[in-house]
Protein chains: 2
Amino acid sequence: MSQLAHEIHEQPAAIQRLLDSEIDAADRVAQAIRSRQIQHVVIAARGSSDSAARYAQYLLGSVNRLPVGLATPSLFTLYDTPPRLDQAMVMGVSQSGQSPDVVAVVAEGRRQGALTLAITNDPDSPLASATEHRLLLHTGPEHSVAATKTYTSSLTALALLSVALSRDLDRQTELDQLPQAVATALHLDGPAQAAAVRWRFATHCVVLGRGYNYATASEVALKLKELAYIAAEPYSPADFLHGPVALVQRDLPALIIAPSGAALDNVRELARDLRDAGAELLVISDDAELLALGQMALDLPGQVPEWLSPVTAAVAGQLLALHLAQTRGLDPDQPRRLHKVTRTH
Amino acid sequence: MSQLAHEIHEQPAAIQRLLDSEIDAADRVAQAIRSRQIQHVVIAARGSSDSAARYAQYLLGSVNRLPVGLATPSLFTLYDTPPRLDQAMVMGVSQSGQSPDVVAVVAEGRRQGALTLAITNDPDSPLASATEHRLLLHTGPEHSVAATKTYTSSLTALALLSVALSRDLDRQTELDQLPQAVATALHLDGPAQAAAVRWRFATHCVVLGRGYNYATASEVALKLKELAYIAAEPYSPADFLHGPVALVQRDLPALIIAPSGAALDNVRELARDLRDAGAELLVISDDAELLALGQMALDLPGQVPEWLSPVTAAVAGQLLALHLAQTRGLDPDQPRRLHKVTRTH
């Protein structure tokens, strides 16, 4: 078994460990957000952590009413005068906590008096040292270059923070059931292998997801690039219709990610149009009608609320990317040109 | 001559018209931003206007120190409780001013008491009616489906606002010279045609730009999709290195957009690595060293300051996309599946 496969299968335990360890830390951050009357959130992140930041936009925006913007770190590293951040919470998300550009954003936020938070797997990293508050991932070492368990644990840390802010007991109960839902999603290993065979010769594709699962589209597209070298671009259906839809033609491979929830109808409508145009659909969903539109389909566990569905949907996408790498004779533990820690400025 | 080519060549006059018409309106918005002590900016936009919003992130962030976040409109149309926006300026950018999701964001901002601004070509549009302030583009009707003159005019409107906020006379002088710089960039028509021939059979590519010109990478990638049906994904070099660099192999087509400025060194370094790996480079720049790395190169007019270079660089990209469409026998005025006004929810 590859290290990647091993780490994908570790996820239920990793998430459970995080839930057991960081409730107090999440409460402290929530208390600081309330007492400092935070007006908006700025998140610095790269790679998979940037997909986690997109999840935060929907989760903190909708459940906790905090507007979340994604930092453009080069504003802090290339240009002379960074934006004013004193009324913001500035958050850095990075499993390694090493990338200098992400650290630069939170360090500048702290210098200006902003509330600062690190979400990282390494308590001794530069990122963890640069911030006032920390949420630690507790996944244990991640050896694979492609992030899997650190990604779903980053989502879980954000979910824990959201619950601490809302003090919503129903959501707490839903969150407690997440490790079991992820364990169920791991049963998609066989179907993911079958789907991967059919995409053996795909060179590029589009990945569609909306709302909470726009983050999943971003993350799964990244896995397809890193592991299977497929040029996969993520879109929300709304962005897709404003131009990129011109790409649609017979045989265009399209990965559709839409668990049940407020975003489902919209994605299903676009999936139907793509199918009518002769595109090749691979569907990740728990909705029977949408699943039936796909030439291939990965049937997600039901009963997962939309706000947590990016975790289970990401697991299905990880399995797909793993099997695509293997089907193509690529080593999922050694993607070309990549290293575990990437330092950008 | 196609309508698209005609509208590309209208840009110097369109930009001049905007500069002559909207100074007072820009001053009023700047005055409101100052007196309301705006803490951050949220922009709703789709398609080319979303690329303009990325320009605003760098321009307003670096020159005017305003943190700018891109709205996720589905937070306002799909989910129950939108984020709090009362301390923000909420801006909608849309040439038609018609898309209901963009209107929904600014309408919610206004309902909450935020300062609201529309940047649009249509003073009678729903977007223009929904906001307290307006900056109008004055481009005249844009008949082509693919936005060209409305894109560069949207950038110019943002530049006018930035100058009004900073009251920087040097920048005002630089902005006044923009129509002439765009006229010079239009001389790249011949070189763009030659470059397009070589990319006749490209099916997908990466587009790299950083800082101010990450917006250009986004916009030119969109033109390549809309007009030439090339699956072109835009990246900043930092994001590219955190995963997508695994796509790099011999013959990967890479469009490199890097005018002189703070972002140049970083992009040139990555371009050198791509060239060493056997990728096929098409370079848009005014830097001789970077231009020499490309199998094909479009030599931008020099003397354009970095903060305005996204306008001239976009013109070079428009010409490239136009000629790619024509080289492939496609009608640049009738991209498949697209209409001039796209209404998304």
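About the cut-offs
Residues numbered from 1 in each chain as written. Chains lettered and ligands numbered in written order. Predicted model: local features only at pLDDT ≥ 70, side-chain atom pairs only at ≥ 80, totals over all residues. Heavy atoms only, no water. 1 Å grid on protein atoms, 1.4 Å probe; cavity = no way out; pocket = protein on both sides within 12 Å on 5 of 7 lines; lining within 4 Å. Points joined across faces, edges and corners; volume = space filled by probe spheres on them. Nonpolar A, V, L, I, M, F, W, Y, C, P; charged D, E, K, R; others polar. Pairing = 2+ DSSP bridges. Helix = DSSP H or I, 4+ residues; strand = E, 2+ residues; numbered from the N terminus. Axes fitted to C-alpha atoms, helices over the stretch in contact; angles between N-to-C directions. Least-squares fit on C-alpha atoms with pLDDT ≥ 70 in both. Buried < 20%, exposed > 50% of the residue type's maximum accessible area, 1.4 Å probe, protein only. Arc of directions from axis to C-beta. Contact = heavy atoms within 4.5 Å. Buried area = accessible area lost by both parts, 1.4 Å probe. Salt bridge = Lys/Arg side-chain N within 4 Å of Asp/Glu carboxyl O. Core = buried A, V, L, I, M, F, W, Y, C linked by side-chain atoms within 4.5 Å. Domains from an automatic or database assignment. Polar contact = N/O pair within 3.5 Å; in protein donor to acceptor, adjacent residues only side chain to side chain. Parallel < 35°, antiparallel > 145°, perpendicular 65-115°, else oblique.

1. As for the layout of surface pockets
Phase 1: One number sums up the size of the largest pocket: a volume of about 380 Å³.
Phase 2: Lining the largest pocket are 20 residues, with Thr203(A), His204(B), Gln249(B), Leu252(B) and Pro253(B) positioned closest to its centre.
Phase 3: Tallied by class, the residues present in the lining of the largest pocket amount to 10 nonpolar, four polar and six charged.
Phase 4: Empty space within the second largest pocket amounts to approximately 270 Å³.
Phase 5: Counted by class, the lining of the second largest pocket contains 10 nonpolar, three polar and five charged residues.

2. Focus: the sheet that holds strand S8 (residues 253-257) of chain A
All names here are of chain A.
Phase 1: Spatial strand order, S7-S6-S8-S9-S10: five strands in an open sheet with parallel pairing. Across the chains shown, the open sheet's two edge strands, defined by having one partner strand only, are strand S7 (231-235) and strand S10 (296-299). Between one strand axis and the next, the sheet turns by 15 degrees as a mean value, whatever way the strands run.
Phase 2: Relative to strand S9 (residues 280-285), S8 is paired through five bridges, and the arrangement is parallel. Note that in S9 the partner of Ala 254 across the bridge is Leu 281.

3. Points about the relation of the copies chain B and chain A
Phase 1: Least-squares fitting of chain B to chain A yields an RMSD of 0.0 Å, with the superposition described by an axial translation of 0.0 Å and a rotation of 180 degrees. Such a combination of rotation and displacement between the chain copies is what one expects of a two-fold axis. Considering only C-alpha atoms, the part of chain B nearest the rotation axis is Gly69(B), at 2.1 Å.

4. Here's the deal with helix H11 (residues 189-198) of chain A
Residues and elements named next belong to chain A.
Phase 1: Of all the positions in H11, only Ala 192, Ala 195 and Ala 196 are classed as buried. Projected down its long axis, H11 carries its buried residues within an arc of 105 degrees, all on one side.
Phase 2: If you follow the buried residues of H11, they end up packed against S9, S10 and helix H16 (309-327).

5. Structural notes on the environment of Tyr58(A)
Phase 1: Positionally, Tyr58(A) belongs in helix H4 (residues 48-62).
Phase 2: Take Tyr58(A): its relative accessible area is 5%, and that puts it in the buried class.
Phase 3: Spatially, the C-alpha atom of Tyr58(A) lies 9.2 Å from that of Tyr214(A), the residues being 156 residues apart in sequence.
Phase 4: Those residues in contact with Tyr58(A), other than ones at most four positions away along the chain, are Val63(A), Gly211(A), Tyr212(A), Thr72(B), Ser74(B), Leu75(B) and Tyr79(B).

6. Here's the deal with the interface of chain B and chain A
Phase 1: Of the residues lining the interface, 67 residues belong to chain B; the matching set on chain A comes to 67 residues.
Phase 2: Between chain B and chain A, the buried area comes to about 5800 Å², and carbon and sulfur atoms account for 55% of it.
Phase 3: The three residues of chain B that bury the most area against chain A are Arg65(B), Tyr79(B) and His242(B), which together make up 13% of that side's buried surface.
Phase 4: Applying the counting criterion to the chain B and chain A interface returns four salt bridges.
Phase 5: Here Arg46(B) makes a salt bridge to Asp239(A), at a shortest N to O gap of 3.0 Å.
Phase 6: Elements with a contribution of two residues or more to the side of chain B that touches chain A: helix H4 (48-62), strand S2 (68-70), helix H5 (74-77), helix H12 (214-228), strand S7 (231-235) and helix H13 (237-241) of chain B.

7. A look at the nonpolar core
Phase 1: Tyr55(A), Met89(A), Met91(A), Leu224(A) and Leu255(A) are the most contacted members of the largest nonpolar core, which totals 109 residues.
Phase 2: Leaving out residues up to four positions away in the same chain, Leu224(A) has contacts with Cys205(A), Val207(A), Tyr229(A), Ile230(A), Ala232(A), Leu255(A), Ala321(A) and Leu324(A).
Phase 3: Ranked by size, the runner-up nonpolar core spans 108 residues in total, among them Val29(B), Val93(B), Ala157(B) and Ile284(B).

8. Observations regarding the pairing of strand S3 (residues 88-93) of chain B
The side chains of a regular strand alternate between the sheet's two faces.
Residues and elements named next belong to chain B.
Phase 1: Along S3, six of the six residues are buried, which leaves the element largely enclosed by surrounding structure.
Phase 2: In S3, alternate side chains face the same way, and those of Ala 88, Val 90 and Gly 92 on one face and Met 89, Met 91 and Val 93 on the other are all buried.
Phase 3: Two strands pair when backbone bridges link them, and strand S1 (residues 40-45) and S3 are joined in this way by six bridges, in the parallel orientation. Bridging across to S3, Ile 43 finds its partner in Met 91.
Phase 4: In the sheet, S3 pairs with strand S4 (residues 115-120) via five bridges, with the strands oriented parallel. Residue pairing in the sheet places Met 89 in a bridge with Leu 115 of S4.

9. Points about the pattern of salt bridges
Phase 1: According to the stated counting rule, one finds 32 salt bridges over all chains in the structure shown.
Phase 2: The salt bridge partner of Arg268(A) is Glu289(A), with a shortest N-O separation of 3.8 Å. Residue Arg268(A) is found in helix H14 (residues 264-276), and its partner Glu289(A) is found in helix H15 (residues 288-291); the two are separated by 21 residues along the sequence.
Phase 3: In this structure, Asp287(B) and Arg268(B) form a salt bridge, with 3.0 Å as the shortest nitrogen-oxygen distance. Here Asp287(B) is found in the loop between strand S9 (280-285) and helix H15 (288-291), whereas its partner Arg268(B) is found in helix H14 (residues 264-276), with 19 residues between them in sequence.

10. Describing the domain arrangement of chain A
Residue and element names in this part refer to chain A.
Phase 1: Partitioning chain A into structural domains gives domain 1 (3-176) and domain 2 (181-327).
Phase 2: A C-alpha centroid distance of 25 Å is found between domain 1 and domain 2.
Phase 3: The interface is formed by 27 residues belonging to domain 1 together with 25 residues belonging to domain 2.
Phase 4: When the two sides are added together, the surface that domain 1 and domain 2 hide from each other amounts to roughly 2200 Å², 72% of it contributed by carbon and sulfur.
Phase 5: Ranking the residues of domain 1 by area buried against domain 2 places Ile 8, Tyr 55 and Tyr 58 at the top, with a combined share of 22%.

11. A closer look at the side chain of Glu233(B)
Phase 1: Summarising the element assignment, Glu233(B) is placed in strand S7.
Phase 2: Judged by relative accessible area, which is 11%, Glu233(B) ranks as buried.
Phase 3: Engagement of the side chain of Glu233(B) in a polar contact is seen with the side chain of Lys225(A), the distance being 2.9 Å.
Phase 4: In contact with Glu233(B), other than residues within four places in its own chain, are Lys225(A), Ala232(A), Glu233(A), Pro234(A), Cys205(B), Val206(B) and Val207(B).

12. Some remarks on the environment of Ala25(A)
All names here are of chain A.
Phase 1: With respect to the helices, strands and loops of the structure, Ala 25 is situated in helix H3 (residues 23-35).
Phase 2: C-alpha separation for the pair Ala 25 and Arg 134, spaced 109 residues apart in sequence, amounts to 7.2 Å.
Phase 3: Leaving out residues up to four positions away in the same chain, Ala 25 has contacts with Arg 134 and Leu 135.

13. What about the environment of Ala32(B)?
Residue and element names in this part refer to chain B.
Phase 1: Assignment of secondary structure puts Ala 32 in helix H3 (residues 23-35).
Phase 2: Here the alpha-carbon distance between Ala 32 and Met 89, two residues 57 residues apart in the chain, equals 9.6 Å.
Phase 3: With residues near it in sequence (within four places) discarded, Ala 32 still touches Leu 115 and His 133.

14. A word on the packing of helix H8 (residues 149-166) of chain B against helix H16 (residues 309-327) of chain B
Residue and element names in this part refer to chain B.
Phase 1: Put simply, H8 and H16 touch, their axes get as near as 10 Å, and they point 170 degrees apart. If you check the angle between H8 and H16, you find them roughly antiparallel. On H16, the residues that touch Tyr 151, Thr 152 and Leu 155 of H8 are Pro 310, Val 311, Ala 314, Val 315 and Gln 318.

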